[in-house]
Amino acid sequence: RYNPRTQTLEPTDMGRVASHFYIHHDTIELFNKVLNPAMSQAQIFGALAEAQEFEQLRVREEEQAELAGLEESACPLPVTSSPASAAHKANVLAQAWISQCRVDAFALTCDLNYVAQNLGRIMRALFEIALRRGWPTLATSLHELGLCVEHRMWSWDHPLRQFPGVPVDVLRKLEASHTAADQLLDMSPADVGALVRDRRHGLLLLAHAKMLPRLECECEVAPVTHTILKMDIALTPDFTWAEKIHGSGEPFWLWVEDSLNETIYHSEYIMLAKKQALGRQTQRLSITVPVHDPLPSSTSSTSSPTAGSAPRR
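Quantities reported herein were computed from a predicted structural model and do not represent experimental measurements.

So, how was this worked out
- Residues numbered from 1 in each chain as written.
- Predicted model: local features only at pLDDT ≥ 70, side-chain atom pairs only at ≥ 80, totals over all residues.
- Heavy atoms only, no water.
- Buried < 20%, exposed > 50% of the residue type's maximum accessible area, 1.4 Å probe, protein only.
- Helix = DSSP H or I, 4+ residues; strand = E, 2+ residues; numbered from the N terminus.
- Contact = heavy atoms within 4.5 Å.
- Phe/Tyr/Trp six-rings, centres within 6.5 Å; stacked < 30°, edge-to-face > 60°.
- Salt bridge = Lys/Arg side-chain N within 4 Å of Asp/Glu carboxyl O.

**Let's talk about helix α3 (residues 41-49)**
Spacing of three or four residues puts side chains on the same side of an α-helix, whose turn is 3.6 residues.
Part 1 of the reasoning: Taken together, the buried positions of α3 are occupied by Q41, I44, F45, A47, L48 and A49.
Part 2 of the reasoning: Along its buried surface, α3 packs onto α2 (25-34), α5 (86-98), α6 (106-133) and α7 (136-151).

**Section: the packing of aromatic side chains**
Part 1 of the reasoning: Inspection of every chain in the model, using the stated rule, returns 7 aromatic pairs.
Part 2 of the reasoning: Geometrically, the ring pair formed by F127 and W255 is tilted, given 6.1 Å between the ring centres and 50 degrees between the ring planes. One end of the pair, F127, is in helix α6; the other, W255, is in strand β5 (residues 249-258), with 128 residues separating them in the sequence.
Part 3 of the reasoning: Classification of W255 by relative accessible area gives buried; the value is 0%.
Part 4 of the reasoning: Relative to Y269, the ring of W253 has its centre 5.4 Å away and its plane inclined at 65 degrees; by these criteria the two rings are edge-to-face. Of this pair, W253 sits in strand β5 while Y269 sits in strand β6 (residues 263-273), and the two are 16 residues apart along the sequence.

**Describing the pattern of salt bridges**
Part 1 of the reasoning: Applying the stated criterion across every chain, the model contains 14 salt bridges.
Part 2 of the reasoning: A salt bridge links D104 to R102, with the shortest nitrogen-to-oxygen separation between them at 3.6 Å.
Part 3 of the reasoning: Using a relative accessible area of 73% as the deciding quantity, one classes R102 as exposed.
Part 4 of the reasoning: D182 is paired through a salt bridge with R214; the nearest N and O atoms lie 3.0 Å apart.

Written out as C-alpha cells, the structure reads:
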C-alpha cells in the first residue's frame, strides 16, 4: 500500500500472508475478491482450485475417464467447475489426495503429487487470511481442512484413522458403531473390545484414543471498562504423550470469538512442549479484548488441535 504522506510502500496483511506462504499475487487478488465469512467447504475448494499455482495443470483427453471416476468415488464435496478446466482437475485431485485414492495414469500421478505439494501451503494461507480478518466460522473450517490435508482424512472420519498402528478392519467396525473418541475414554478396554467385536484390540484402541491431543480450558472473565474485558485462561494438557506421534511439541491455535457477531477478538499460536504434557503443566494466559456494542451475550475460547479431535470450549 502506498502512503502518500511518507511516499513509501507499506506491507498489508494480505501481502504478509503472500510473502510468508509464497503465494502468487494473482492468487492473493483472487482470494481477496471471493473469500467471505459464510463460505462452505465446497466453495473453499472451488476457490482454492482457481489459484494461479494450479493454472499450469494440463487437461488431457485420455485422463478424463479416470478423473470422472475419481470425482464420483473420491470427492465428497461437489465440484462445479467445467470438466475441461485446470480448476476442475485441481479440485478433483485435491479431494482424491485427502481420500487417499490410488491414481493409475503416470501423468495424473505426477499432477496429484504436484497438487498435494501446494495444497497444504495454500490452505494454511487461507486460514491465516480468515484469522486476520476475524472470521471465526471460516477460520474453523479452514483449520479443519488444513488438518484434513495434513493427515489425509476427512473430518467425519474417525480420528483414530490418523494412527498407522490401528488395523483398518477394526477402524471400520469402530466407525460403524458411531462411537466418538471422547466416548472411548469413558470405557474399559473390555468394553472397547466388545464394541469392535474383537477384545484383543480393546486396549490398543483405548491407548490411541488417549493420545489424541486435548487441552482442558478454564477461563475467568472480568470487565476492565465497559468495552474491555480481561480474560485469564488456563490450559492443561489432558492426553498421553507419544514421541513418535507428537514429536518434540504439539501446536495449538487458540482464539476468542463472538460467534453471534462473527468476530475473533484475539488469536494466539501455542506450542505445547513434551515436558509440559508429561507433567500436565498448566499454561496461563492473560489477555485483554475489546468488545463493541451490542455487547456479546457470551464468548468462547477455542483451541484447535489434531484432526478429528474436537475443540474444547
